[in-house]
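Analysis of the macromolecular model
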Amino acid sequence: MINNKELSHEFHQIIERHKGILFKVAKTYCLNDDERQDLLQEMMLQIWKSLHKYNDTFAITTWLYRISLNVAISFYRKNAKRKNLNIPLIEELASIQDEVNTEKQERLALLEKFISELNDIDKALTLLYLEDKSYIEIAEIMGLSVTNVGTKLGRIRDKLKMKFLQINS
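These remarks concern the structure in this document.

About the cut-offs
- Residues numbered from 1 in each chain as written.
- Predicted model: local features only at pLDDT ≥ 70, side-chain atom pairs only at ≥ 80, totals over all residues.
- Heavy atoms only, no water.
- Buried < 20%, exposed > 50% of the residue type's maximum accessible area, 1.4 Å probe, protein only.
- Helix = DSSP H or I, 4+ residues; strand = E, 2+ residues; numbered from the N terminus.
- Arc of directions from axis to C-beta.
- Polar contact = N/O pair within 3.5 Å; in protein donor to acceptor, adjacent residues only side chain to side chain.
- Axes fitted to C-alpha atoms, helices over the stretch in contact; angles between N-to-C directions.
- Parallel < 35°, antiparallel > 145°, perpendicular 65-115°, else oblique.
- Left-handed = near helix turned anticlockwise from the far one by under 90°.
- Contact = heavy atoms within 4.5 Å.
- Nonpolar A, V, L, I, M, F, W, Y, C, P; charged D, E, K, R; others polar.
- Salt bridge = Lys/Arg side-chain N within 4 Å of Asp/Glu carboxyl O.
- Core = buried A, V, L, I, M, F, W, Y, C linked by side-chain atoms within 4.5 Å.

Another aspect to go through is helix H7 (residues 135-142). If you check which residues of H7 are buried, you get Ile138, Ala139, Ile141 and Met142. Buried residues along H7 cover an arc of 165° about the axis, so they all sit on one side. In the segment just after H7, Gly143 is the residue with positive phi, at about 70°.

Note on placement: Ser116 falls in helix H5 (residues 102-116). A polar atom in the side chain of Ser116 sits 2.6 Å from the backbone oxygen of Lys113.

In helix packing, the relevant descriptors are the interaxial angle and the interaxial distance, both defined with respect to the helix axes. At a minimum axis distance of 10 Å, the contact between helix H6 (residues 120-130) and H7 shows a crossing angle of 140°. Our classification of the angle between H6 and H7 gives oblique. Where H6 crosses over H7, the two elements pack in a sense that is right-handed. In this structure, H6 uses Ile121, Ala124, Leu125, Leu128 and Tyr129 to contact H7, whose residues at the interface are Tyr135, Ile138, Ile141 and Met142. Grouping the constituent residues of the contact of H6 with H7 by class yields nine nonpolar, no polar and no charged.

Evaluated as defined, the whole model comprises six salt bridges. In this structure, Glu117 engages Lys163 in a salt bridge whose closest nitrogen and oxygen atoms are separated by 2.8 Å. Of this pair, Glu117 sits in the loop between H5 and H6 while Lys163 is found in helix H8 (residues 146-168), placing the two residues 46 residues apart along the sequence. What makes Glu117 partly exposed here is its relative accessible area of 42%. The exposure class assigned to Lys163 is partly exposed, which follows from its relative accessible area of 22%. Each of the salt bridges in this network shares a partner with another, and the network as a whole consists of Lys113, Glu117 and Lys163.

Of note, Ile73 is situated in helix H3 (residues 60-82). Its relative accessible area of 7% is what places Ile73 among the buried residues. Along the sequence, Ile73 and Ala124 sit 51 residues apart, while their C-alpha atoms lie 8.4 Å from each other. Setting aside anything within four residues of it in sequence, one finds Ile73 in contact with Tyr29, Asp120, Ile121 and Ala124.

Core analysis: the biggest nonpolar cluster contains 41 residues, and Val25, Tyr29, Leu39, Met43, Ile47, Leu69 and Met142 have the highest contact counts within it. Mapped by element, the contributors of at least two residues to this core are helix H1 (4-29), helix H2 (33-50), H3, H5, H6, H7 and H8. By residue number, the principal contributor to this core is H3, which donates 10 residues. When near neighbours in sequence (up to four residues on either side) are disregarded, Leu39 contacts Ala26, Tyr29, Cys30, Val71, Ala72 and Phe75.

Where H1 contacts H6, the two axes come as close as 11 Å, and the packing angle between them is 140°. Relative to H6, the element H1 is oriented oblique. The way H1 lies across H6 gives a crossing that is right-handed. Here Lys24, Val25, Thr28 and Tyr29 of H1 lie close against H6, whose contacting residues are Asp120, Lys123, Ala124 and Leu127. Classifying every residue of the contact of H1 with H6 by side-chain character gives four nonpolar, one polar and three charged.

Below, the structure written as structure tokens:
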């Protein structure tokens, strides 16, 4: 049996080692810093509450993504009912380097806008896909079959392509 001090130490190590996952998920689902901080706190609280249930046959990152995405989706739904949110895309796409040309900037901004309009599950799938997660990893994190992940991502790509084609015509 693990004591609270050991559990606390393990929790702090996990958060420190994998805080990037939490920040990426929070950035994807929250528009402003205050909401992002609230979401990060809620994610950490749920991780703390679930730590004793962690099954080490799964990768810690899979477990963290699953908890943080579930919390983020619930948090987003709760907040979206109160106000109309425009969700920014992950930090890497939002901070476009200066040397990128204007057309590419516009296309990335459009992609960010289109992704922000996706439903909660599609947004989560897109985030994991953009994180270079394999279909198997995405399936484990999202609790879907690998086939379902492939089908959903294919439909998301088609939906995004159609939006770009509509803009260009």
